[in-house]
Structure formats: C-alpha cells, structure tokens
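Chain by chain, the residues:
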Amino acid sequence: LKYGCNPNQKPARIFMADGSDLRADELTASHADWAEAFAQNYTITKGTSGCLFVFSEPELDGIREKLKSVSLFDAKAMKPLRIFTASAWDAEEDKQGRILIPENLREFAKIKKDVVVMKNVKCIEIWSAEVWDEYNSDDDFDDIVGNLGI
C-alpha cells in the first residue's frame, strides 16, 4: 500500500504518530504496524475533526450492522448516516501499489501535500499535517487522558 494524492505529483512525506517520518511511497503493507490493517479490503470515509478514517472490512461490517438499527424516519439520525455512507470509498491499489484518495475526500481532509497517518484503536486515520498540528495545538494531555475513563 502506498499513499498518493496524484500519480503525477512527487511523493509527500508522511509523519507517523511515533514521530518518525517517511516518504509516502515508502508506506507499504510490509510495514509491520500496518500489515494487519491493510491485509484485506478496506474503505476510506470522512472522519471526525477533519481526518479520514480507513476501516478494515470486518470493522466496517460491524459499523454497518449498528447503522441498520437507525430508523429511516429519524431525520436527525439519517443525516450523519447518509454523509458517512455517501463518502465511503472502497480503496483499490493501482499497478504501482498506491492507494489514490478521491478528490472529494482529499478536499474534505484538506490534504494537499504532507499527511499524518496514525493507527487508532478501530481504524487508521489520515490527516493533513496542518490540520493535525492545529488539532493538537492547545491540548493539555492530562485533561485529555482524564476524559478516557481508564
């Protein structure tokens, strides 16, 4: 798996959550931390706070099961369901092993060049480096961790 916005563009740098960085064309399924997550079919969707979520097929199946309980006549619940399902894109690799993120998802996540890719508990998140920095700019780690309830 390789990340790329545009096949004619030079590879962006990817900043991993552990602080290391690598070129986008170096992110492959052979990366130990990522191999399990990308060993199967996966779907990219709009995420929260301006990122993209990358779900494995089993994780997305679990979400779909939960969404089936939403009443078609509950207008408030249907709006986020529609946005989530309409933005879902079944990722496919090109001949060079790259995953090209569709323009509508790149625009949503404000991805232009550098990205942050992080493995979350239920999915992988892809962030514009600028949006990620802004998202983390004011946070007090102690306050955030305290809200986890663990």
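Just so you know, these numbers come straight off a predicted model, no measurement behind them. The numbering scheme is per chain: residues are counted from 1 as the chain's sequence reads. This being a predicted model, a pLDDT of at least 70 is required before a residue's local features are given, and a value of 80 or more before pairs of side-chain atoms are given or counted; all residues contribute to the totals for chains, interfaces and linings. Note: side-chain values were computed over all heavy atoms of the structure, leaving out hydrogens and water.

## Notes on the overall build of the protein chain
Short version of the rule: Where helices and strands are cited, they refer to DSSP runs of H or I of at least four residues and of E of at least two residues respectively, numbered from the N terminus. Exposure classes here rest on a 1.4 Å probe applied to the protein chains alone. A residue is buried below 20% of its type maximum, exposed above 50%, and partly exposed in between. We call two residues contacting when some pair of their heavy atoms lies within 4.5 Å. Only the protein chains shown count as cover for residues, with accessible areas throughout obtained via the Shrake-Rupley method and a probe of 1.4 Å.
Helix and strand counts for the protein chain stand at six helices and nine strands. In the protein chain, which comprises 150 residues, the share counted as buried stands at 35%. The contacts of the protein chain with a sequence gap of at least 6 include a subset with a gap of at least 24, amounting to 53%. Carbon and sulfur atoms make up 51% of the accessible area of the protein chain, which amounts to about 9800 Å² in all.

## Points about the packing of aromatic side chains
Condition: Here a Phe, Tyr or Trp ring, Trp counted by its six-membered ring, pairs with any other such ring whose centre lies within 6.5 Å, and the pair is stacked when the planes are under 30 degrees apart, edge-to-face when over 60, and tilted otherwise.
Counted under the stated rule, the structure contains five aromatic pairs. Pairing F55 with F84 gives two aromatic rings, centres 6.1 Å apart and planes at 70 degrees, and the pair type is edge-to-face. Linking F55 in strand β5 (residues 52-56) with F84 in helix α3 (residues 75-87), this pair joins segments that are 29 residues apart in sequence. There is no split in this pair, since F55 and F84 are both buried.

## Notes on the environment of Y135
Looking at where Y135 falls in the secondary structure, it is placed in helix α5 (residues 129-135). In this structure, the C-alpha to C-alpha distance between Y135 and S49, residues 86 residues apart in sequence, is 7.8 Å. Other than its neighbours up to four places away in sequence, Y135 contacts S49 and W127.

## Regarding unusual backbone geometry
For S49, which is not glycine, the phi dihedral falls at a positive 60 degrees. By the secondary structure assignment, S49 is in the loop between β4 (42-46) and β5. One non-glycine residue with positive phi stands out, namely K110, at about 60 degrees. For K110, the position within the fold is in the loop between α4 (103-109) and β8 (115-119). The exposed category is assigned to K110, whose relative accessible area is 53%.

## A closer look at the side chain of T45
Structurally, the position occupied by T45 is in strand β4. The class for T45 is buried, based on a relative accessible area of 0%. Setting aside chain neighbours within four positions, we find T45 in contact with L52, F53, F55, F84, S87, A88 and L105.

## Description of the pairing of β5
In plain terms, the rule: Two strands make a pair as long as DSSP finds a minimum of two bridges between them.
Summarising burial for β5: five of the five residues are buried, a large majority. Alternating positions in β5 separate into two faces, L52, V54 and S56 on one and F53 and F55 on the other, with burial throughout. Bridge count between β4 and β5: five bridges; the pairing is antiparallel. Bridging from a neighbouring strand, T43 pairs with F55 of β5. Linking β4 back to β5 in an antiparallel pair, the connection comprises five residues, with S49 at a positive phi of about 60 degrees.

## A closer look at a nonpolar patch on the surface
Worth spelling out the cut-off: Each patch is built from salt-bridge-free residues with over 30% relative accessible area, joining like charges within 9 Å and nonpolar side chains (Val, Leu, Ile, Met, Phe, Trp, Tyr) within 5 Å. One speaks of a salt bridge when a side-chain nitrogen belonging to Lys or Arg is within 4 Å of a carboxyl oxygen belonging to Asp or Glu.
A contiguous nonpolar surface patch, about 490 Å² in accessible area, is contributed by F141, V145, L148 and I150. Mapped onto the elements of the fold, F141 is located in helix α6 (residues 141-146). Owing to a relative accessible area of 61%, F141 belongs among the exposed residues under this scheme.

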